[in-house]
Amino acid sequence: MDFGDIRDRAKSTGDPQELKKQIAALIEDGKIKLKDIERATSFKTSTISQVLHDKYEGDQAKPLDAIIRWYRYWIARHTIVRTSVVEEIQAVLEMVWRAHEIGVIVSPFGKGKSDASILYAAEHPDYARFVELTGASSPMELIAKIAEALGITEIMTGTASNRLHAIIRSLQRDPKLLIIDEADELKPKSLKLLRDIHGDNQERCGIILIANEKLFRLLQNPDLGYFASRIAIKRRIDDITFAEAKMIVDRFAHSLDNGEIKQAWEWSKRHNNIRSLVNLFKMATRIADMKDLDEIDSDCLKEAYGWLIN
């Protein structure tokens, strides 16, 4: 199974109907079991099957959201190599959760922050919630995304204040770790909203902001002075090691020597890090397939560089 292609399709579409088709196809092929989804979501296999095949007679929004969330986590479990970067990110997430603090994880694009965070949420479904903004930046959009992650969209009615307090009440009853991806895209008013959700000294939840360096510039806004002072844990993420890069490369069938792999690793660090390394070898795999080769050889890798650079 090409998990890389499955993962790309799942990430590239926000269309629930398309994701339903992907999940249904994987179930039909025996790669996913309905029982696995049932255990993770609390919905019965009959309900899950009806939702996936458009036969569910009730409101399918909540079960579909749970099914799609599980699907993204399932993909993460199968595609992420546990590098030191992944372990470091997960250690920060654990620390933020245990302390119920506000934390920040910052690194350039492509280091694997999102994937490591999705994996953490997958492995800690009892309290971790991954909030995928997908372009949402205003306070109302942020409120809607957090409510979606908490599974409380059905009670989100009334004014912005009413909706905010619904989230606060939910977290007071059942504290969670909110992992907010692409937080550098949030507007100052949205970031200030997170302080209210966190609760200042009440610390009713843990909040971790996943971002690039732009977030630190954003936090210099005078209006965010108090919010910035509430951030207790900050961590910058470094590159993976060559040994870890080789672990990633070895997930692809290849006949390359260490020198060629090291060259690919060095190339990826000059571009978009882990993401570029994976994309390079996915392209090399496609080239090998076109040549009817069982594995990537030196010529396939050289051609892959050309495709990605151009």
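Whatever comes next refers back to the structure up there.
Attention here is on the structure that accompanies the text. Given the structure is predicted, the values throughout are model-derived calculations rather than measurements. (Residues numbered from 1 in each chain as written. Predicted model: local features only at pLDDT ≥ 70, side-chain atom pairs only at ≥ 80, totals over all residues. Heavy atoms only, no water.)

1. Here we look at unusual backbone geometry
- Positioned with a positive phi, D54 is a non-glycine residue whose angle comes to about 55°.
- Considering the arrangement of structural elements, one finds D54 in the loop between α4 (45-52) and α5 (61-79).
- With relative accessibility at 52%, the residue D54 sits in the exposed group.
- Phi is positive for E182, which is not a glycine, with a value near 55°.
- Along the polypeptide, E182 turns up in the loop between β3 (177-180) and α10 (188-198). (Helix = DSSP H or I, 4+ residues; strand = E, 2+ residues; numbered from the N terminus. Buried < 20%, exposed > 50% of the residue type's maximum accessible area, 1.4 Å probe, protein only.)

2. A few points about the pairing of strand β4 (residues 206-211)
- With respect to burial, β4 is a largely interior element, 6 of its 6 residues being buried.
- Side chains of β4 alternate between two faces, with G206, I208 and I210 and I207, L209 and A211 buried alike.
- Of the pairings in the sheet, the one linking strand β1 (residues 102-106) to β4 comprises 5 bridges and is parallel in character. Across the sheet, the residue bridging to V106 is A211, located in β4.
- Strand direction decides the pairing type here: β3 and β4, joined by 4 bridges, are parallel. Looking across to β4, one finds that I179 is bridged to I208.
- With respect to chirality, the unit in which β3 leads through α10 into the neighbouring parallel β4 is right-handed. (Pairing = 2+ DSSP bridges. Right-handed = clockwise from strand over helix to strand, strands pointing away.)

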